[in-house]
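# Commentary on secondary and tertiary structure
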Amino acid sequence: MVVYAGQGDARRSMSLLWRAERPEQPRRTPGPGPRPGLSVDAIVTAAISVADEEGMAALSMRAVGERLGRTAMALYTYVPSKGELLDLMYDAVHAELPRDYAAFTEAHAPGGGRRPSAEGERPGGDDWRAGLTAWARDTLEFLLRHPWVLQVSQARPVLGPHEYAALDTLVRLLTGTGLEARLVRRLVGTLTHFVRGCAGTVAEAREAAVATGEPDEEWWFARSALLGEVAPDFADRYPSLSAMERAGAPRPPSATDKGEDEREGGGEYSGEAGGGSAEGDEETMPFLEREARKTFAVGLDVLLDGIEAATRRTGRP
């Protein structure tokens, strides 16, 4: 399901995003006892809760109103339509993303200057690689807390203050590489698409069993056994893929190796960038989530190696 931001009234949406309109004062409705008034922030918070807990498909003005104990019509005074609401939700959750990567960026901050690291602050100083690694991990976990954000198309950005703050943070981290602005611009897109792609795979892996009613293990066991029957010449037809598997690439679970430990691939890249494991027991993760997290760690290392090589070509130490 893909949804597009920016479908509400442009002027009203931008005014609400940037709070150009005077915020509403909480009101009390007539009747016995106090009843808290509505506000844009309260409506957005309730809408985010609906999307987090029930998914984007469940989002409606009526569902949000029910969360607040109000009718859908009562919300329209504050937020004109679902279009504007989506813009506000998307921008609001981006406020969760960290902006303080000072330990990694101060040497290249506009205006210069560097302060001593505070106690408990992540070490690094002029360490753009560590800063980008931290940014990528933070962004991945943010997207997994709010998987509906991944359904909002990047083709129509919201253009809100928190979205711009997140973008500014990444640009600041990349500026620490010393690369010229045209390369930094392209690397912003490269890293953003990479992290969103990995997060999307993890989110889909988590949702697959619920949406299909079939656990990952059962799905893989049934199909991997049948693949050997219907394609007995698989290795001959796909020699490169088969050679990679024989070399020790991780396999999906199959009926023949159920209960065995998954084979681990060796090599130079083994997830040094971090992010290959998640909160909780990795053994309970869906297979594709484990693989996506390992891909994230290894892929991030390779991308950062490429950026490092680019800095050497420009003569930056």
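Placed above this text is the structure.
What you see is a predicted model, and the numbers here were worked out from it, not measured in a lab.

### Comments concerning the overall build of the chain
Scanning the chain from N- to C-terminus turns up 13 helices and 0 strands. Taken from the N to the C terminus, the helices and strands of the chain come in the order α-α-α-α-α-α-α-α-α-α-α-α-α. Residue burial in the chain is summarised as follows: out of 317 residues, 38% are buried. Within the chain, contacts between residues at least 6 apart in sequence are counted, and of these 69% link residues at least 24 apart.

### Observations concerning the layout of surface pockets
Approximately 700 Å³ is the volume found for the second largest pocket. In terms of lining, the second largest pocket is formed by 27 residues, of which the most central are Q154, E163, L167, V188 and T192. Mapped by element, the contributors of at least two residues to the lining of the second largest pocket are α7 (128–145), α8 (161–175) and α9 (181–212). Top element by residues in the lining of the second largest pocket is α9. It accounts for 9 residues. Looking at the lining of the second largest pocket residue by residue, the classes come out as 16 nonpolar, 7 polar and 4 charged.

### Notes on the packing of α8 against α9
α9 packs onto α8 with a crossing angle of 120° between their chain directions and a minimal axis gap of 10 Å. Taken as axis vectors, α8 and α9 run oblique relative to one another. For the crossing formed where α8 meets α9, the hand is right-handed. In contact with L167, L170, V171 and L174 of α8, α9 contributes V184, L187, V188, L191 and T192. Tallied by class, residues from the contact of α8 with α9 come to 8 nonpolar, 1 polar and no charged.

### With respect to the environment of A203
As for its position among the elements, A203 is in helix α9. On the basis of relative accessible area, A203 is assigned to the buried category, the value being 18%. Considered as a pair, A203 and P147 are 56 residues apart in the sequence and their alpha carbons are 6.3 Å apart. Dropping the residues within four chain positions of it, A203 is found in contact with L144, P147 and L150.

### Details of the pattern of salt bridges
The final tally for this structure, using the stated rule, is 17 salt bridges. Across the pair R293 and E141 runs a salt bridge whose closest N-O atoms are separated by 3.0 Å. One end of the pair, R293, is in helix α13 (residues 287–313); the other, E141, is in helix α7, and 152 residues separate them in sequence. Given the relative accessible area of 1%, R293 is considered buried. Through salt bridges with shared partners, a single network forms among R129, D301, D305, E308 and R312.

### Some details on the nonpolar core
Judged by nonpolar contacts, the single largest core of 66 residues is most densely connected at L85, M89, L132, L174 and I307. Residue contributions to this core peak at 10 residues, all from α9. In contact with I307, not counting residues within four places along its chain, are W128, L132, L174, T177, L179, L187 and L191.

### Describing the packing of α9 against α13
It is the contact of α9 with α13, at a shortest axis distance of 8 Å, that shows an interaxial angle of 170°. Regarding the angle of α9 to α13, the classification is roughly antiparallel. Within the contact between the two elements, α9 uses L187, T190, L191, F194, V195, C198, T201, V202, A205 and R206 and α13 uses L288, E289, A292, R293, T295, F296, G299, L300, L303 and I307.

### A look at the packing of aromatic side chains
Enumeration over the complete set of coordinates arrives at 5 aromatic pairs. Ring centres of F234 and Y238 lie 4.9 Å apart, and the angle between their planes is 50°; on these two criteria the pair is classed as tilted. Overall, F234 belongs to the partly exposed group, its relative accessible area being 26%. On the accessibility criterion, Y238 (37% relative accessible area) is partly exposed. Among the aromatic residues, those joined into a ring-pair cluster are W219, W220 and F287.

Reading guide: rules and limits
- Residues numbered from 1 in each chain as written.
- Predicted model: local features only at pLDDT ≥ 70, side-chain atom pairs only at ≥ 80, totals over all residues.
- Heavy atoms only, no water.
- Helix = DSSP H or I, 4+ residues; strand = E, 2+ residues; numbered from the N terminus.
- Buried < 20%, exposed > 50% of the residue type's maximum accessible area, 1.4 Å probe, protein only.
- Contact = heavy atoms within 4.5 Å.
- 1 Å grid on protein atoms, 1.4 Å probe; cavity = no way out; pocket = protein on both sides within 12 Å on 5 of 7 lines; lining within 4 Å.
- Points joined across faces, edges and corners; volume = space filled by probe spheres on them.
- Nonpolar A, V, L, I, M, F, W, Y, C, P; charged D, E, K, R; others polar.
- Axes fitted to C-alpha atoms, helices over the stretch in contact; angles between N-to-C directions.
- Parallel < 35°, antiparallel > 145°, perpendicular 65-115°, else oblique.
- Left-handed = near helix turned anticlockwise from the far one by under 90°.
- Salt bridge = Lys/Arg side-chain N within 4 Å of Asp/Glu carboxyl O.
- Core = buried A, V, L, I, M, F, W, Y, C linked by side-chain atoms within 4.5 Å.
- Phe/Tyr/Trp six-rings, centres within 6.5 Å; stacked < 30°, edge-to-face > 60°.

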